[in-house]
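Residue-level structure breakdown
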Amino acid sequence: MHYPRLFSTFAVLSLILTACTDDASPIANDSEMATATELPADDNYRPVYHFTPPANWMNDPNGMVYHRGEYHLFYQYYPDSNVWGPMHWGHAVTENLVDWEHLPVALAPDSLGYIFSGSAVIDHQNTSGFGSKENPPMVAIFTHHDPVGADAGAVDFQYQSIAYSVDQGRTWTKYDGNPVIPNPGIRDFRDPKVIWDEAREQWLMVFAAKDRVQFWTSPNLLEWEQVFEFGQDAPNHDGVWECPDFFPLPIEGTDRTAWVLIVSINPGGANGGSGTFYFVGDWDGETFTPLSEPPYSTDEVVRWLDYGRDNYAGVTWSDIPEEDGRRIFLGWMSNWDYAQVVPTTTWRSAMTIPRSLHLQTTDFGTRLRQRPVSELKQLRGTPIDIPGEKLAAGVHELPLSDLPEAGVFEMELLFDLVDSQAEQVYVTLSNESGDFVRLGYDRGRDKNEFFTDRRRSGKVGFEERFATELHRAPRWSNEGQLRLHVFFDRTSLEFFADQGEPVMTDIFFPESPFTKGVLEVYGDGHMRLEGGKIWPIAGK
Ligand code: FRU
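Throughout, residues of each chain are indexed from 1 in the direction in which the sequence is written. Only residues with pLDDT of at least 70 are given local features in this predicted model, and only at 80 or more are side-chain atom pairs given and counted; all residues enter the totals for whole chains, interfaces and linings. Computation of side-chain values covers all heavy atoms of the structure but excludes hydrogens and water.

1. Comments concerning the side chain of arginine 454
Residue position: arginine 454 is located in the loop between β28 (449–453) and β29 (471–474). A simple rule labels every residue: compare its accessible area, found with a 1.4 Å probe on the protein chains alone, to the largest value its type can have, and call it buried under 20%, exposed over 50%, or partly exposed in between. Note on arginine 454: relative accessible area 3%, which makes it buried. Looking at arginine 454, its side chain comes within polar contact range of the side chain of aspartate 310, at 2.8 Å. Definition of a polar contact: a pair of N or O atoms within 3.5 Å, with one able to donate and the other able to accept a hydrogen when the atoms are protein atoms, and with sequence-neighbouring residues admitted only if both atoms are side-chain atoms. A distance of 3.0 Å separates a polar atom in the side chain of arginine 454 from a polar atom in the side chain of tyrosine 338. Secondary structure elements follow DSSP: runs of H or I no shorter than four residues count as helices, runs of E no shorter than two count as strands, and numbering proceeds from the N terminus.

2. Describing a negative patch on the surface
The grouping of Glu198, Glu201, Glu322 and Glu323 at the surface amounts to a negative patch. When you line up the elements, glutamate 322 lands in the loop between β17 (312–316) and β18 (328–332). Relative accessible area serves as the criterion here: at 77%, glutamate 322 is assigned to the exposed category. Here, patches come from residues exposed beyond 30% relative accessible area and free of salt bridges, joined within 9 Å for like charges and within 5 Å for nonpolar side chains (Val, Leu, Ile, Met, Phe, Trp, Tyr). Using a 1.4 Å probe, the Shrake-Rupley method yields the accessible areas, and only the shown protein chains count as cover for residues. Salt bridges are counted wherever a side-chain nitrogen of Lys or Arg sits within 4 Å of a carboxyl oxygen of Asp or Glu. Counted as positive: Lys and Arg. Counted as negative: Asp and Glu, with His and the chain ends omitted from the count. The atoms used to mark charge sites are NZ of Lys, CZ of Arg, CG of Asp and CD of Glu.

3. A look at the domain arrangement of the protein chain
Throughout, the edges of the domains are those of an automatic or database domain assignment. For the protein chain, the assigned domains read domain 1 (9–28 + 49–371) and domain 2 (380–536). In this structure, domain 1 and domain 2 have C-alpha centres spaced 29 Å apart. Contacts are assigned to residue pairs that have any heavy atoms within 4.5 Å of one another. At the interface, 38 residues of domain 1 touch 45 residues of domain 2. Reported buried area values correspond to the accessible surface (1.4 Å probe) lost by two parts on association, with both partners' losses combined. When domain 1 packs against domain 2, the two sides together hide about 3600 Å² of surface, and 60% of this comes from carbon and sulfur. Viewed at the interface, domain 2 and domain 1 are joined by five salt bridges. The interface formed by domain 1 and domain 2 includes 23 residue pairs in polar contact (both at pLDDT 80 or more). Each residue is assigned to one of three groups, with Ala, Val, Leu, Ile, Met, Phe, Trp, Tyr, Cys and Pro labelled nonpolar, Asp, Glu, Lys and Arg labelled charged, and all others, Gly among them, labelled polar. Here the side of domain 1 that touches domain 2 is built from residues that sort into 19 nonpolar, nine polar and 10 charged.

4. Side note on the environment of tryptophan 336
The residue tryptophan 336 is located in the loop between β18 and β19 (347–348) in this model. On the basis of relative accessible area, tryptophan 336 is assigned to the partly exposed category, the value being 27%. In this structure the C-alpha to C-alpha distance between tryptophan 336 and arginine 309, which are 27 residues apart in sequence, comes to 9.8 Å. For tryptophan 336, the residues in contact, after removing those within four places along its chain, are Trp57, Asn59, Trp84, Glu242, Asn266, Ser274 and Tyr312.

5. Some thoughts on the pairing of strand β25 (residues 408–416)
In terms of residue burial, β25 counts as a mostly covered element, since eight of its nine residues are buried. Any two strands with at least two DSSP-identified bridges between them are counted as paired. With nine bridges connecting them, β25 and strand β30 (residues 481–489) associate as antiparallel partners. Note that in β30 the partner of valine 408 across the bridge is aspartate 489. Direction of pairing for β25 relative to strand β34 (residues 527–536): antiparallel, over a ladder of eight bridges. When the bridges of β34 are listed, leucine 414 appears paired with glycine 531.

6. Here's the deal with the pattern of salt bridges
All chains considered together, the criterion is met by 33 salt bridges. Close ionic contact of glutamate 293 with arginine 303 constitutes a salt bridge, the shortest N to O distance being 3.0 Å. With a gap of 10 residues between them, glutamate 293 in the loop between β16 (288–290) and β17 and arginine 303 in the loop between β16 and β17 connect regions that are remote in the sequence. The partner of aspartate 306 in a salt bridge is arginine 355, and the shortest N-O contact between them spans 3.3 Å. Remark: arginine 355 occurs in strand β20 (residues 355–362) and aspartate 306 occurs in the loop between β16 and β17; sequence separation between them is 49 residues. The pair aspartate 306 / arginine 355 is uniform in exposure class, with both members buried. A cluster of three or more residues bridged by salt bridges with shared partners is formed by Asp188, Arg190, Asp191 and Glu242.

Spelled out as structure tokens, the structure:
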């Protein structure tokens, strides 16, 4: 093993960072207590700076809307157990996308059914009549799922309903005319996302109907009319479509705006199980037409928003003020292949970090790129600098043992591929038990791809589909500079390659924290590291 001298001279960090604690104490479901004793304490697995529920089961983010200084996050929540069940909307708010305040459950099941995924808007003009122009109502649009009909084998057990709040989302009233869109006889009919279509001055709703997205319009959020259905000619029908999102986004560096349609699919994801893809196109009020661009690569049939296994059902915040102008995305950091059996007991699953979305013209078409929101920088501790160096094949130590909290940091590494001959460069985090996770870049044997590897990351046997293969993502850039930007948080990694594409999000459960890290170079010749930084990250 070769440890370059420069890497051993980093100053030891004396920063003491506080780990995140939640106000509510997690309460385990009785039936699960038996297994809890065999596992490491849950809080060793709870992320420090990612959003997690106070206790028990969480899945999709819902109702994300900004109002009067607060970003609201509602989420699919079963407060009584650590597995999926009668769905509620849990609720939390943040003023800065970093410090979260847990609020009481917003919506609970009723005689029409469970409260499935959906969205929320601010009805500024009070078109619904639920509030006033001075105090515009917050309106939630969600799917009611009737479990009785579902169990009885009916097909019409999901329909779209609404509820409103005139006190900043603290208390809610369900509309007495629910459902606002009854089921026409389609088995999977859910997850409405509503936006105000500025150009046509009307509300626009998209939701998933089997493996299609339906488009409906309304003047007042109460009366809806279907205008369009999309998806028949789309490339991916390997699973049911869920949780669509639809919004305009400027193409950076041009005066053109395109529309982005995000769709989650389960199963059928890029590397198995649940996954999320997108289309870029034009919307004229009646039809969504994907841009006609040449096929840039035979590798790409579907444009994946994330090539990892753990970013599902993600959508974006509504009503972010124009002067901010960002389109901010958050996803559920799990996968239906194993979400209900991951080795945590008192709580289950986290959200991704918030990411801003950007449309850019690239050598591979008009593409969606993601950046961690800049607010996350306030969590950074004093950076450890990694000087540039020509790295020989072999193993080079990263100064991770100096971190105040093992496995909780942000890292950025830049390489000059033009001046490098080696085939692969990757980062490996490991612990005393020999568990490891790995991520990096491979251009050996005609490859040009990024990868993550959690096959030996610790507890992997809880579900056979959890850790079978490397996760791979094509490189969508011809730039000479290679960029690896990664957020680690005890049990997750979010890997933003190059200018924010591809992105790979994966979770893992080591037997003990990852205290060690190395940078490995493989193949003949060198890899030129231009430099890098590691920031300890504090919880809030
Ligand atoms: C996606 C999903 C949605 C549904 C919700 C139920 O993960 O299956 O389609 O509304 O979860 O919890």
